[in-house]
Amino acid sequence: MLFHDEMIDPFQACQAFASASAVDADLQVRLYTLMLKCRRAEERAAELAETREVGCPVHLYLGQEAVSAGVCTALKTEDQVFGTHRSHGHFLCKGGGLRPLFAELLGKATGCARGRGGSMHLIDTSCGIPGTTPIVAASIPMAAGAALANKMKKNGLVAVAFFGDGATEEGVFHETMVMAAIWDLPVVFICENNFYASHLPLKDRRKRDNLADAGKPYSIPSARIDGNNVLEVHRYARAAVEHARSGRGPSFLECRTYRWRGHVGPAWEWNLGIRKREEVEEWLARCPIRALEQQLLAQKLMREEDMTALRQKIDEEIEDALAFARQSPYPAMDTLLRHVYVER
Ligand SMILES: Cc1ncc(C[n+]2csc(CCOP(=O)(O)OP(=O)(O)O)c2C)c(N)n1
Ligand SMILES: [Mg+2]
């Protein structure tokens, strides 16, 4: 019986580079800007959730920003990303706007899902976000489906699936890996391992800490990386995307990171018996944004005052988005039954 060729590992070269060497100065500033935008937007969203002005469930991405920034900057606008219940970062980094995001959080008609989806159903097809979905692991087959369509259309586009460590425990993850491998689909699997699936730690769900081996049985090149190091994420993502775009098929990245707040909502949750305060503090000390900040300062690519000015600019954009959302109308009652099925 004839098997396919041996797998080519797109990540071999990545390991050879020192952390910053393959990421130019402009891009480093862009990565910083994107992460900061996600951070400030979510801190604001957390306040709005606390006061209940945001009524939908919000799964905050605080602490994980390096993954979406590093991956999305390796993509073209038309490349598709499929997100999850925790996708504010994916949406903003792929090009979604603050106004449609905040309007969606407030359930307004000007939101990116016309106020019907809330935090977990973010969409903007103009920048490659066909829709995020809170069904755990659903982003995985959807990205593979888009990748299959891209391959059949020969449009040269790549699809990315973002998903959590918990999603790798769903059957559809493994089913999709088989098909993606056998059909050499142009898809990149980005597993954001934040070590928890809601309240359950990874160590209680898995015999060994070996998520990065997930691709091996399917001959999908896989790597474990520091998901809090945005430059590392970007370099690996670029290799994975190039691999996919050149027709060599899928790859899998385990990005090790941590969500700072609780599973859902703005609370910190370090006194519920789920995780220890020291564990959270250890990860707070490994803040992906502060890490890049220090590198930018050391390389003299930005000064403290540039960073302050940037933070102010981002905060102004967020307040503008919130004002826009507040002024926007709720969806009209007579549109209640629309946008459910395809309208011809
Ligand atoms: C199929 C399915 N099962 C269960 C749930 C409930 N649920 C929502 S999020 C979640 C945990 C997901 O954990 P993980 O994939 O690690 O993502 P994270 O929340 O850590 O980002 C669960 C069990 C769901 N939404 N979908
Ligand atoms: Mg998780």
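All values reported here derive from a predicted model rather than from experimental measurement. (Residues numbered from 1 in each chain as written. Chains lettered and ligands numbered in written order. Predicted model: local features only at pLDDT ≥ 70, side-chain atom pairs only at ≥ 80, totals over all residues.)

Draft legend 1. Broad picture of the overall build of the protein chain. Check the secondary structure of the protein chain and you find 11 helices and 7 strands. A globule of 344 residues ought to have a C-alpha radius of gyration of about 20 Å, and the protein chain, at 20 Å, matches this closely. Overall size of the protein chain, expressed as C-alpha extent along the three principal axes, is 65 × 55 × 45 Å. Going through the 344 residues of the protein chain one by one, you find that 45% of them count as buried. Considering only residue pairs separated by 6 or more positions, the protein chain has 77% of its internal contacts joining residues 24 or more positions apart. (Helix = DSSP H or I, 4+ residues; strand = E, 2+ residues; numbered from the N terminus. Rg over C-alpha atoms; globule rule 2.2 N^0.38 Å. Buried ≥ 20, exposed ≤ 12 C-beta atoms within 10 Å, placed from the backbone. Contact = placed C-beta atoms within 7 Å.)

Draft legend 2. Highlighting the packing of helix α2 (residues 25–50) against helix α10 (residues 288–298). Where α2 contacts α10, the two axes come as close as 10 Å, and the packing angle between them is 150 degrees. The orientation of α2 with respect to α10, classified from their angle, is roughly antiparallel. Where α2 crosses over α10, the two elements pack in a sense that is left-handed. Every residue of α10 that contacts α2 at Gln 28, Leu 31, Tyr 32, Met 35, Leu 36 and Arg 39 is listed here: Pro 288, Ile 289, Leu 292, Glu 293 and Leu 296. Here the residues of the contact of α2 with α10 are counted per class, giving 8 nonpolar, 1 polar and 2 charged. (Axes fitted to C-alpha atoms, helices over the stretch in contact; angles between N-to-C directions. Parallel < 35°, antiparallel > 145°, perpendicular 65-115°, else oblique. Left-handed = near helix turned anticlockwise from the far one by under 90°. Nonpolar A, V, L, I, M, F, W, Y, C, P; charged D, E, K, R; others polar.)

Draft legend 3. Fine view of the site of ligand 1. Taken together, 15 residues are adjacent to ligand 1, and Val 136, Gly 164, Gly 166, Ala 167 and Ala 197 come closest. Those elements giving two or more residues to the shell around ligand 1 turn out to be β2 (159–164) and β4 (196–197). Residues that form the shell around ligand 1 fall into these classes: 7 nonpolar, 6 polar and 2 charged. (Near = placed C-beta within 6 Å.)

Draft legend 4. View of the pairing of β2. The buried fraction of β2 amounts to 6 of the 6 residues, a majority that puts the element mostly inside the structure. The alternating pattern of β2 places Ala 159, Ala 161 and Phe 163 and Val 160, Phe 162 and Gly 164 on opposite faces, both of which are buried. As paired strands, β2 and strand β3 (residues 187–193) are joined by 6 bridges and run parallel to one another. Bridge pairing links Ala 161 to Phe 189 in β3. Viewed along the sheet, the connection from β2 through helix α7 (residues 171–182) into β3 turns out right-handed. (Pairing = 2+ DSSP bridges. Right-handed = clockwise from strand over helix to strand, strands pointing away.)

Draft legend 5. Focus on α2. Under the 1.5 Å per step criterion, the end-to-end length of α2 is 38 Å for 26 residues, consistent within 8% with the ideal 38 Å. Arg 52 occupies a position one or two residues after α2 and carries a positive phi of about 70 degrees. (Expected span 1.5 Å × (residues − 1).)

Draft legend 6. Broad picture of the sheet that holds β2. Here we have 5 strands laid out as an open sheet, ordered β1-β2-β3-β7-β6, and parallel in their pairing. Edge strands, defined here as strands with exactly one partner in the open sheet, are β1 (80–82) and β6 (222–226). Within the sheet, the average angular offset between the axes of one strand and its neighbour, ignoring direction, is 20 degrees. Helix α6 (residues 139–153) rests against β1, β2 and β3 of the sheet, and its axis sits at about 175 degrees to β2.

Draft legend 7. Layout of the nonpolar core. Of all hydrophobic cores here, the largest spans 85 residues; its most connected members are Met 35, Ala 143, Val 160, Ala 161, Val 187, Ile 190 and Leu 253. If we skip the residues at most four places from it in the chain, Leu 253 touches Phe 189, Ile 190, Cys 191, Ala 223, Ile 225, Tyr 236 and Ala 240. (Core = buried A, V, L, I, M, F, W, Y, C linked by C-beta atoms within 7 Å.)

Draft legend 8. Summary view of helix α5 (residues 98–105). Along α5, 8 of the 8 residues are buried, which leaves the element largely enclosed by surrounding structure. Inspection of α5 places Leu 98, Arg 99, Pro 100, Leu 101, Phe 102, Ala 103, Glu 104 and Leu 105 among the buried residues, and these make up the whole buried set. Lining the buried residues of α5 we find α2, α4 (88–94) and α11 (304–327). Following α5 by one or two positions, Gly 107 adopts a phi angle in the positive range, close to 75 degrees.

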